[in-house]
Amino acid sequence: MDPRLITAIIVLVGVPATVIGYVFLVEQVLRLVPGKRQAAVRPWLWLLPALLFLFVFLVYPTINTIVLSFENKFQKEFVGLDNYVYFFTNPNTLISLRNNIIWLVLLTFLTVGGGLIIAILVDRVRYESIAKSVVFVPLAISFVGAAIIWKFMYDYQPPGHPQTGLLNAGVAALGFPPITWIQDAPLNTIALIIVAAWTWTGFCMVILSAALKGISAELLEAARVDGATEIQVFRAITFPLLLPTVAVVSTTMIITALKAFDIVYVMTSGNYDTNVIANQMYKELFTNSQPGRASAIAVILLLLIIPIMAINIRRFRQQEAIR
Amino acid sequence: MTALSVPGLSAATRSSRRRSRPSRRVVLNVVVIAIMALWLLPTFGLLVNSVRPAQAVASSGWWTGLFPPYNFTLENYQQVLSRGGMSQAFVNSLLITIPSTIIPIAVAAFAAYAFSWMKFPGRDILFVAIIGLLVIPLQTTFVPLLNLLGPKGIHLLGAGPGAFVAVWLAHTGYGLPFAIYLLRNYMGGLPREVFESASIDGAGHATAFFRLAIPMSVPAIAALVIFQFLFVWNDLLVALMFIGAANAPNLPLTMAVASLATSLGGDWQLLMAAAFISMALPLIVFFALQRYFVRGITGGAVKG
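Being a predicted model, the structure only gives us computed values, none of them experimental. (Residues numbered from 1 in each chain as written. Chains lettered and ligands numbered in written order. Predicted model: local features only at pLDDT ≥ 70, side-chain atom pairs only at ≥ 80, totals over all residues.)

In this section: the overall build of chain B. Across its full length, chain B carries 14 helices and zero strands. Put simply, chain B runs from its N terminus to its C terminus through helices and strands in the order α-α-α-α-α-α-α-α-α-α-α-α-α-α. Across the 304 residues of chain B, 46% fall into the buried class. Considering only contacts in chain B between residues 6 or more positions apart, those separated by 24 or more positions represent 72%. (Helix = DSSP H or I, 4+ residues; strand = E, 2+ residues; numbered from the N terminus. Buried ≥ 20, exposed ≤ 12 C-beta atoms within 10 Å, placed from the backbone. Contact = placed C-beta atoms within 7 Å.)

Structure below.
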């Protein structure tokens, strides 16, 4: 039988059966346990699959990666900080670090700022839900798909030929020579970030819009009755009340920017000075066969993300305290 | 003006107030429509180009296709489906995505139920620790997992269907922290009395889980299903790691499209049709279940 067919059967029957069967199995096993102990054992059996997956696929690999980052490419010899020194002295990896900083600042600014402006604007039109859907749709498209879509926006033909990319057609219509958006640094990194912003602005908009709807209309109306202009209302009431949500969305976008990979991989493969940390790690691992250096890059990524994690966990605990 | 003191002033009152300044409203509508156009144009351009003949795509912009003489064709789609391996990649994407959606949500539901309705020492610390795992970048796990699952370890990766299993398990591990977080917050908010009275009536935890907790958590589960489905279907990185660019028969759609895009052949018109095929299912899922998806992410990110 075709192995693909067997796989398909496992997928459609085996997986759900195993998953549901587990709970019944647990309850059968618990009957063998003396009555008093059951309540103590049960939670751990219910948690067991989750804890196993989390340990094998997140906890153990993270610890192991930290160890590997101090070892050489054959994962045998201890080499101290060599892999980290390489990362912070090699011009190519430094470019990827610089680009990630540009990603972090620009993507967060564009998506959160753009999302906020759009959320406020669409709040005032009657076709709000349609407008929001339009901006939100790219989130359902893969980064690979978005990269292909924008490859055609940024398309370049030599001067004199009809331009096939929309942007260069516009540039040509204004009488300027066409621009190689994807090849010219540092413009190209910005071009790639715009693709990511096009995808993620909808995410920020939806969350900020939900927070905006939560602001009491009476409060805003009272300020307007007292003679406040729209801008004063925004600065004194709306924005301060939105601030916690802005912080939440910003942390999400910062993490997204730090992990950026797909768009760079598909559009430039990290060439023309557009490399980012995640793509550099992929190159070290598969092109250069340097798992030690790849691990060091992963640890650096983790260290960059930990402060954001601390903020997120604190926020969570504060909310639990309010509850 | 007494209406203003009514709690929860309606949106209708808000907008009627603004309708009094027509010039402003015109500007507002122009801006909003321009934003919508900006977001639609790139995708629309790709769609138009994907139904134009190859030499037309190479020699003129997609917008020229909107004017007569019209010259539309489905040739690109026929070509890509027959020789590009795209239909196989479509099946592969389904084989990867369905279990990678079912397993983590089921496992997370068990854990969320235990966190919500069972008492055990260290419960809150364990839960916070799991949320802490939420921001471990996937990259941190790749080298050890390749050692563990690859030729040096249990040899699950490679050309066979074992690589699919590896991807299912990996996506389960990666998706769990968020799924547990969202489900525990939802299940923990269900009315306590329902579970207490079920327990008094003699229902065990398995019954309470399948008959009460799961049916009552459908909105949260639906949101998670869409979230995880889109995440896995659109994933490139995890597939690149565990399936590997060399194993052509196992490639999901994202990898097939990416390899078309990065190869030097330059069959651009095929690439466009392929990109659209890869987007079709997520767009259908998205439009069919948009409400749950929006509720899921706003619940996940704002309410916590």
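This brings us to the overall build of chain A. Secondary structure summary: chain A contains 13 helices and zero strands in total. Secondary structure elements in chain A, listed N-terminal to C-terminal, are α-α-α-α-α-α-α-α-α-α-α-α-α. By the compact-globule yardstick of 20 Å for 323 residues, chain A is too spread out, its C-alpha radius of gyration being 26 Å. Taken along its principal axes, the extent of the C-alpha atoms in chain A is 80 × 60 × 50 Å. A total of 323 residues make up chain A; the buried ones form 41% of that total. Contacts in chain A between residues far apart in sequence, at least 24 positions, make up 66% of those at least 6 positions apart. (Rg over C-alpha atoms; globule rule 2.2 N^0.38 Å.)

This next bit is on the confidence of the model for chain B. All names here are of chain B. Per-residue confidence for chain B averages 81 on the pLDDT scale, and 88% of its residues sit at or above 70. When the elements of chain B are averaged for pLDDT, helix 1 (residues 11-18) gives the smallest value, 45, and helix 5 (residues 86-117) the largest, 91. For the stretch residues 1-19, pLDDT sits under 50, and the model shows 14 contacts to residues farther than four places along the chain or on other chains. With a pTM of 0.86, the predicted complex shows an ipTM of 0.85. (pLDDT = per-residue confidence, 0-100.)

Residues and elements named next belong to chain A. Phi at Ser 269 takes a positive value of approximately 55°, unusual for a residue other than glycine. With respect to the helices and strands, the residue Ser 269 is situated in the loop between helix 11 (262-267) and helix 12 (277-287). Despite not being glycine, Tyr 272 has its phi angle at roughly 55°, a positive value. With respect to the element layout, Tyr 272 can be found in the loop between helix 11 and helix 12.

A separate point is the packing of helix 2 (residues 35-68) of chain A against helix 5 of chain B. For any two helices packed against each other, the geometry is given by the interaxial angle and the distance between the axes. Two elements in contact, helix 2 of chain A and helix 5 of chain B, have axes separated by 8 Å at closest approach and are oriented at 135°. One way to sum up the angle between helix 2 of chain A and helix 5 of chain B is to call them oblique. At the point where helix 2 of chain A passes helix 5 of chain B, the crossing takes the left-handed sense. Taken together, the residues of helix 5 of chain B that come into contact with helix 2 of chain A (itself represented by Pro43(A), Trp46(A), Leu47(A), Pro49(A), Ala50(A) and Phe53(A)) are Val107(B), Ala108(B), Phe110(B), Ala111(B), Tyr113(B) and Ala114(B). (Axes fitted to C-alpha atoms, helices over the stretch in contact; angles between N-to-C directions. Parallel < 35°, antiparallel > 145°, perpendicular 65-115°, else oblique. Left-handed = near helix turned anticlockwise from the far one by under 90°.)

Turning our eyes to something else, we now look at the nonpolar core. In terms of nonpolar packing, the biggest core is built from 177 residues, with Ile263(A), Ala108(B), Ala111(B), Val167(B), Leu183(B), Phe242(B) and Ala274(B) touching the most fellow members. When residues in this core are grouped by element, the largest group, 18 residues, is from helix 5 of chain B. Filtering out sequence-adjacent residues up to four positions away, Ile263(A) remains in contact with Phe143(A), Ala146(A), Ala147(A), Leu192(A), Val195(A) and Ala196(A). (Core = buried A, V, L, I, M, F, W, Y, C linked by C-beta atoms within 7 Å.)

Once that is clear, we can look at helix 12 of chain A. Residue and element names in this part refer to chain A. A large share of helix 12 lies buried, amounting to nine of its eleven residues. Listed in full, the buried residues belonging to helix 12 are Ile 277, Ala 278, Asn 279, Gln 280, Met 281, Tyr 282, Lys 283, Glu 284 and Leu 285. Phi turns positive, to about 50°, at Ser 289, one or two residues after helix 12.

With 89 residues of chain B at the contact, the number on the chain A side is 88 residues. Each residue belonging to the side of chain B that touches chain A can be placed in one class, and the counts come to 62 nonpolar, 25 polar and two charged. (Nonpolar A, V, L, I, M, F, W, Y, C, P; charged D, E, K, R; others polar.)

Once that is clear, we can look at helix 2 of chain A. Between its first and last C-alpha atoms helix 2 of chain A spans 46 Å; for 34 residues at 1.5 Å apiece the expected length is 50 Å, and the two agree. In helix 2 of chain A, a bend of some 50° at Leu48(A) exceeds every other bend along the element, and Pro49(A), a proline, comes one to four places later. (Expected span 1.5 Å × (residues − 1). Bend = angle between axes of the 7 residues up to and from the residue.)

Moving on: the packing of helix 5 of chain B against helix 8 (residues 162-187) of chain B. Residue and element names in this part refer to chain B. Two elements in contact, helix 5 and helix 8, have axes separated by 6 Å at closest approach and are oriented at 40°. Handedness of the crossing formed by helix 5 with helix 8: right-handed. A class-by-class count of the residues in the contact of helix 5 with helix 8 yields 21 nonpolar, five polar and one charged.

Moving on: the environment of Leu285(A). Summarising the element assignment, Leu285(A) is placed in helix 12. Spatially, the C-alpha atom of Leu285(A) lies 49 Å from that of Arg31(A), the residues being 254 residues apart in sequence. Once residues within four sequence positions are removed from consideration, Leu285(A) is found in contact with Pro291(A), Ala294(A), Phe142(B) and Val143(B).

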